[in-house]
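Breakdown of the fold
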Amino acid sequence: MLDLLLPRRCIVCGAPRTLLCGGCRNGLPRLTPPLCARCGAPTVWPVVRCRECAGRRIAFTRARSATEYDASVRRLVRSWKERGLRSLGAAAALVIVERLPPPDADVVTFVPPDRGRRLERGFHPAEQLARAVAAAWGLPCESLLARIGGSRQRGLSRTERRRNVAHAFIGDAGGRRVILVDDVYTTGATAHAAARALRTEVEVVTFARATRTS
Ligand SMILES: [Zn+2]
Ligand SMILES: [Zn+2]
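An account of the accompanying structure is given in this report. Please read these numbers as outputs of a predicted model, since none were measured by experiment.

Further remarks concern the overall build of the protein chain. Within the protein chain one finds 8 helices and 6 strands. Reading the protein chain from its N end, one meets helices and strands in the order α-α-β-α-α-β-α-α-β-α-β-β-α-β. For 214 residues, the compact-globule estimate of 2.2 N^0.38 gives 17 Å, and the C-alpha radius of gyration of the protein chain, at 17 Å, lies within 12% of that figure. A principal-axis box enclosing the C-alpha atoms of the protein chain has dimensions of 45 × 40 × 35 Å. Residue burial in the protein chain is summarised as follows: out of 214 residues, 53% are buried. Carbon and sulfur atoms provide 53% of the accessible area of the protein chain, an area that totals close to 10600 Å². When the 37 positive and 18 negative side-chain charges of the protein chain are each reduced to one mean point, those points stand 5 Å apart.

Moving on: the coordination of the zinc ion (ligand 2). Ligation of the zinc ion (ligand 2) by protein atoms is provided by Cys36 (SG), Cys39 (SG), Cys50 (SG) and Cys53 (SG), these donors lying 2.3 to 2.4 Å from the ion. Note that the zinc ion (ligand 2) binds 4 donor atoms; their angles at the metal cover 100 to 116°, and the shape is tetrahedral. Mapping the donors of the zinc ion (ligand 2) onto the primary sequence gives the spacing C-x2-C-x10-C-x2-C. Of the two residues, cysteine 39 is situated in the loop between α2 (22–27) and β1 (62–68) and cysteine 50 in the loop between α2 and β1; the sequence distance between them amounts to 11 residues. The exposure class assigned to cysteine 39 is buried, which follows from its relative accessible area of 1%.

Our next topic: the coordination of the zinc ion (ligand 1). Around the zinc ion (ligand 1), the protein supplies Cys10 (SG), Cys13 (SG), Cys21 (SG) and Cys24 (SG) as donor atoms, at distances of 2.3 Å. Summarised as a motif, the one-chain spacing of the donors to the zinc ion (ligand 1) is C-x2-C-x7-C-x2-C. In this structure cysteine 21 comes out as buried when scored by relative accessible area, which is 16%.

Thresholds applied
- Residues numbered from 1 in each chain as written.
- Chains lettered and ligands numbered in written order.
- Predicted model: local features only at pLDDT ≥ 70, side-chain atom pairs only at ≥ 80, totals over all residues.
- Heavy atoms only, no water.
- Helix = DSSP H or I, 4+ residues; strand = E, 2+ residues; numbered from the N terminus.
- Rg over C-alpha atoms; globule rule 2.2 N^0.38 Å.
- Buried < 20%, exposed > 50% of the residue type's maximum accessible area, 1.4 Å probe, protein only.
- Areas by Shrake-Rupley, 256 points an atom, 1.4 Å probe, with all protein chains shown as cover.
- Lys, Arg positive; Asp, Glu negative; His and termini not counted.
- Charge placed at Lys NZ, Arg CZ, Asp CG, Glu CD.
- Donors = N, O, S within 2.8 Å, 3.2 Å for Na, K, Ca; no water.
- Tetrahedral: all angles 85-135°; square planar, octahedral: opposite > 155°, others 65-115°.

What follows is the structure in structure tokens.
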């Protein structure tokens, strides 16, 4: 509702009649190669595993993101998720579809919400994103995961996050190849736990990705 009542201005440059103008959408920071072949982190040389993900168990095949999680993208994500400006979710989906090739997969799914979060917000941002991306890529979108713990990652260190989320999900993909969609890739702990629960080939696609510098 709020979305319809507020005067629309681009949240980056203030241009009227849109929450994210075409120019600012194209200007969102790209993650340019070379990237880690596995987790998608920007690297100096092409690598199979980078410093960030080497030596860690990673249940997904590959992770890719449409934009870097810098200050402007952080503001966009906050307006979308916390203020409930859903048309920013549609814009985020568009950025994914414009920038990332569709992975070879059978079905799209999403990271399920924290208990209570969906009620707080009235919508689930990751599901909104997954449904829009699936529609653009001509794939079905199904809810394949359920959360059994690991709520509230905010304020935890990287190690604490990993431990907190490790057994957070149960799921079943029926052996199909899955694209797991989420809004932001931070440590990869959530994506790993979700992919492990699905016990199949999982490619992770997120709108934004935190990097060591962002
Ligand atoms: Zn703009
Ligand atoms: Zn990596």
